[in-house]
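The residues making up each chain are set out below.
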Amino acid sequence: MAVREEHRSILDEDEEEDEDEGSRHLSPLCDPRHLLHRILVLVFMCFLGFGSYFCYDNPAALQTQVIQDMSLNTASFMQLYAWYSWPNMFLCFLGGFLLDRVFGIRLGTVIFSLFVLIGQIIFAAGALANHFWLMNVGRFVFGIGGESLAVAQNTYAVNWFKGKELNLVFGLQLSMARLGSTVNMNVIGWVYGRIQSLTGSAGHSTLGITLMIAASTCLFSLTCALILGFLDRRAEKILKKEQGRTGEVIKLTDVKDFPFSLWLIFIICVAYYVAIFPFIGLGQVFFIEKFSFTTVQARAINSIVYIISAPASPLLGFLVDRTGRNVLWVLLAVVTTLLSHMMLAFTFWNPWIAMCLLGLSYSLLACALWPMVAFVVPEHQLGTAYGFMQSIQNLGLAVMSMAAGSLLDNKGYLFLEVFFIACLCMALLAVVLLYLYDYHTEGELNLSASTRAERLKAE
Amino acid sequence: MSRFKVNFIFSVLFVVFGVALGFLGNGDKFRRKVTVELNPGLKPPSSLPPGVALVHARGLGLNDTLHFVLCNLGAPALLLVHTNSTESAVQVTWPAFINRSSPGSLRVAPESSVTYSSALVFTRIWEYDDVNNTADPQETAESSFYSPYELQNFIWSDLNTTANQSDHVITLCGRENTESFANGSLCLRLSVFESAGRDRAWPSLLHNSNSSQLHVWLDGLTPRGNLSRFALEFQSVGDSGFQGRVDVRSSIDDEYTPSIFKVFDWVSLPLNSSSVWGFSQWKPVAYRKPEPVFEDATPCRHSPLVPVSRIPQSAAVRAYFTHEPQVRGLNISFGVDKDPVHYSDTRHISWTVLMGMGDPPADSFSTLIIIIMAVGLGTPLAIIIVGGVFVCVRKRMTRASVYEPIN
């Protein structure tokens, strides 16, 4: 559940909605015009994605258990992540279309939440029945729902908060997503332990029951989707406004017009994220084996990236917005990530240092990289550019997850880390080229915020 | 700003490469000429029991000779003797050796040339019922132990020797005459090396021409309980005046043995010195399948080193060590706390130890890793330098040439 959410935060808060002052007397909590009501909606909006974030990293949090109970090797374990990514290579393009043209936001959200819930139930059933292929099917279905649900969540946010507290809401949703991942990382192993002591033995059915319990978070999210749909329709009736739209227009023919710098951004995106997410997926056992961590400690350190990212994303986003110079920020983020991976690979230094650094640089990259797209393509191509970026990112993650798994099986952790470092070097190369290209063509990627503002004024 | 950045990155890379090259260090090119002979000088009427043999591997260096003797009369033992002569030879007084293994019936002559000798004896296989699933014999109640299999009572078969370009391999298998061993056997495979290298099979320990490798596996044995786990008892015998200890080294390099970051060295060193004369080296990993994949690895641990007062029941050791030798023992046990897999699940466990003289070998980065790091870090670095120059030049040119009008 990579990074699909970051780019939404650059949507402008342009149009102020003119509110219709039709006065019916409703209590503030029930009045769609009132802040209190919007806060209520926001709560449901945030929990809409909680289930999918919670369940996305179930395999990482239960790595040893999944591998043991299903008698897998690491390569096949990583397929659970790959199968999640495969459908999203296409759904990045389709999600917005389906929401706008086919289902509508309300029905669409409910359908995607259903996909998430059913996917997780199939996943758990696969464990209960001891069929690994069924687990993969579950992850596939889960993937169909997961990413599109995030698109729906953002559309809701725009619809309700445009021109008001939109950036704050995006920030909150992102923090909520991280919270879901963090809670999962630290809690699900404990749940497994409880069930193990209740049933008296570990095995695929223990795993299945644990995953079924995790599915309850998806049920919860589905409930949120239903309530949100109800509230949205009610608001539509009262305010006589239209159903929200993603506004994404995808035209694949735009791809041939993409500038060179956009391709460099794509390379950075893929090369960087494949060094983060597969690593977190495999991290738990790494910390146990190399640094002699206990399972609880390993889960905690593996979730630190998400924990840091929750508060750091809005702060760093603010910083990048104020200073500009995105390329330098991206460069800094890639170099620090490279350093932290090197620390993990070549030293026995306390891995908390490296992981905290990784968490910070990961947040910084997200804040600085995704908005750059808007500087290099015209606005009408933005939807296509982002869709394409996420699509190849998912392709990269799917392929690299499996590659990382089998690399670990055959060559060990040092080699895996060197592989990640090589990916980061590729990202570094692309950033440097991007800097030079931008410098050469006098683009605005690396301008300071004030110069950018001046340019804008001059136009 | 950008120059500072370039400098910063450059110095970081410099440090990293320095460290990497430091690890590279010493390639071991030293070779020995190895010859293997079976039962040197044995003539009728003297004869060994069936399956029993004394294998002598002679590693001839430039001005020294390293002898390895593997003998399974009594408990199987691997004896290492180093001499500073190229002419030294192993001499066995066969009748005395076979009947009473009387001291002196196995010697390396001339005795004055011997600089260091040591032996590793494999004495027992312990089996215990791991009721608490801790996989730690130290924590297990004595009542949970079954009576151990004494290797001195084993019946041996299938001695076979093979040799290729640089390695000489001797395999011997044995079993106790009991129900448990009906389909099972314990096998030892000794590899003697002419030069440095490593086995393709895990744990792929790095060896050099001063060491030999013993691969031990326990296959098809019927465990006496469903929760049975095994431990191997080893004793080391050495000249008095040497002390022994087990060192743990952490290594960042798990390329050859995936997910294993530790190496154990059971070293022997003179009482008043810190230089290591001989070692037994292993990684804390055992494998549960004959052709293991990643998941078949299981951790193993060792008990503390204890002094043993009796010389083990091994003919080679009793015949070679004439003066009160020092004997120490330890157990290697397999499995990890809460390990759900027991011996009965795969009926196979294998473990590898390297025995040699001098300093124990240390892993270094493989060439592949160094190339990847060099190319990976070098390319962006080169572009940064070239690009940095380009940017600087261009900045200077614009500054020098353009006195633009103020608008």
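Note: the structure precedes this text.
Criteria and thresholds
Residues numbered from 1 in each chain as written. Chains lettered and ligands numbered in written order. Predicted model: local features only at pLDDT ≥ 70, side-chain atom pairs only at ≥ 80, totals over all residues. Heavy atoms only, no water. Helix = DSSP H or I, 4+ residues; strand = E, 2+ residues; numbered from the N terminus. Buried < 20%, exposed > 50% of the residue type's maximum accessible area, 1.4 Å probe, protein only. Disulfide = S-S within 2.5 Å. Contact = heavy atoms within 4.5 Å. Buried area = accessible area lost by both parts, 1.4 Å probe. Salt bridge = Lys/Arg side-chain N within 4 Å of Asp/Glu carboxyl O. Polar contact = N/O pair within 3.5 Å; in protein donor to acceptor, adjacent residues only side chain to side chain. Nonpolar A, V, L, I, M, F, W, Y, C, P; charged D, E, K, R; others polar. Patch = residues over 30% accessible without salt bridge, like charges linked within 9 Å, V, L, I, M, F, W, Y side chains within 5 Å. Areas by Shrake-Rupley, 256 points an atom, 1.4 Å probe, with all protein chains shown as cover. Lys, Arg positive; Asp, Glu negative; His and termini not counted. Charge placed at Lys NZ, Arg CZ, Asp CG, Glu CD. Core = buried A, V, L, I, M, F, W, Y, C linked by side-chain atoms within 4.5 Å. Domains from an automatic or database assignment.

**Quick word on unusual backbone geometry**
Working step 1: A cis amide bond links Ala109 of chain B to the next residue, Pro110 of chain B, at an omega of -5°.
Working step 2: Tracing the backbone shows Pro110 of chain B in the loop between strand E6 (106-109) and strand E7 (114-129).
Working step 3: At the junction of Trp202 of chain B and Pro203 of chain B, the peptide bond is cis and its omega measures out at 5° in the coordinates.
Working step 4: By the secondary structure assignment, Pro203 of chain B is in the loop between strand E12 (197-198) and strand E13 (206-207).
Working step 5: The phi torsion at Arg325 of chain A lies on the positive side, around 50°, for a residue other than glycine.
Working step 6: Here Asn39 of chain B, not a glycine, exhibits a phi torsion of approximately 45°, which is positive.
Working step 7: Note on placement: Asn39 of chain B falls in the loop between strand E1 (33-38) and strand E2 (54-60).
Working step 8: You can call Asn39 of chain B buried: its relative accessible area is 17%.

**So, the state of the cysteines**
Residues and elements named next belong to chain B.
Working step 1: Tallied over the full model, the rule gives one disulfide over all chains.
Working step 2: Across a sulfur-sulfur distance of 1.9 Å, Cys173 and Cys187 are joined as a disulfide pair. On the sign convention where negative is left-handed, the bridge of Cys173 and Cys187, at about 105° about the S-S bond, is right-handed. Here the residue Cys173 occupies a position in strand E10 (residues 167-175), and Cys187 occupies one in strand E11 (residues 185-193), the gap between them amounting to 14 residues.

**Some remarks on the interface of chain A and chain B**
Working step 1: With 39 residues of chain A at the interface, the matching set in chain B holds 35 residues.
Working step 2: For the pair chain A and chain B, the summed buried area comes to about 3,200 Å², and 77% of that belongs to carbon and sulfur atoms.
Working step 3: The largest contributions to the chain A side of the interface with chain B come from Phe346, Leu414 and Tyr439 of chain A, which together make up 18% of the buried area.
Working step 4: For the pair chain A and chain B, the number of links is two salt bridges.
Working step 5: At the junction of chain A and chain B, the tally comes to three residue pairs in polar contact (both at pLDDT 80 or more).
Working step 6: For the side of chain A that touches chain B, the elements supplying multiple residues, two or more each, are helix H4 (63-69), helix H11 (277-291), helix H13 (326-346) and helix H16 (382-441) of chain A.
Working step 7: Taken together, the residues of the side of chain A that touches chain B sort by class into 26 nonpolar, eight polar and five charged.

**Things to note about a positive patch on the surface**
Working step 1: A cluster of basic residues, Arg325 of chain A together with Lys395, Arg396 and Arg399 of chain B, forms a positive patch on the protein surface.
Working step 2: Relative to the elements of secondary structure, Arg325 of chain A occurs in the loop between helix H12 (295-323) and H13.
Working step 3: Under the relative-accessibility criterion, Arg325 of chain A is labelled partly exposed at 38%.

**With respect to the environment of Tyr192 of chain A**
Residue and element names in this part refer to chain A.
Working step 1: You can see Tyr192 is positioned in helix H8 (residues 166-199).
Working step 2: You can call Tyr192 buried: its relative accessible area is 3%.
Working step 3: Taking the C-alpha atoms as reference points, Tyr192 and Ile213, 21 residues apart in sequence, are found 9.7 Å from one another.
Working step 4: The residues contacting Tyr192, other than those within four sequence positions of it, are Leu62, Gln65, Asp69, Ala202, Gly203, Thr206, Leu207 and Thr210.

**Concerning the nonpolar core**
Working step 1: Judged by nonpolar contacts, the single largest core of 160 residues is most densely connected at Phe287, Phe346 and Leu369 of chain A.
Working step 2: The greatest single-element share of this core, amounting to 28 residues, is contributed by H16 of chain A.
Working step 3: Viewed by domain, this core spans two of them, domain 1 (3-25 + 367-402) and domain 2 (33-357) of chain B, each represented by three or more residues.
Working step 4: Excluding its chain neighbours within four sequence positions, the residues that come into contact with Leu369 of chain A are Ile265, Ile268, Cys269, Val330 and Met389 of chain A.

Note that all results are geometric; they support no functional claim without further evidence.
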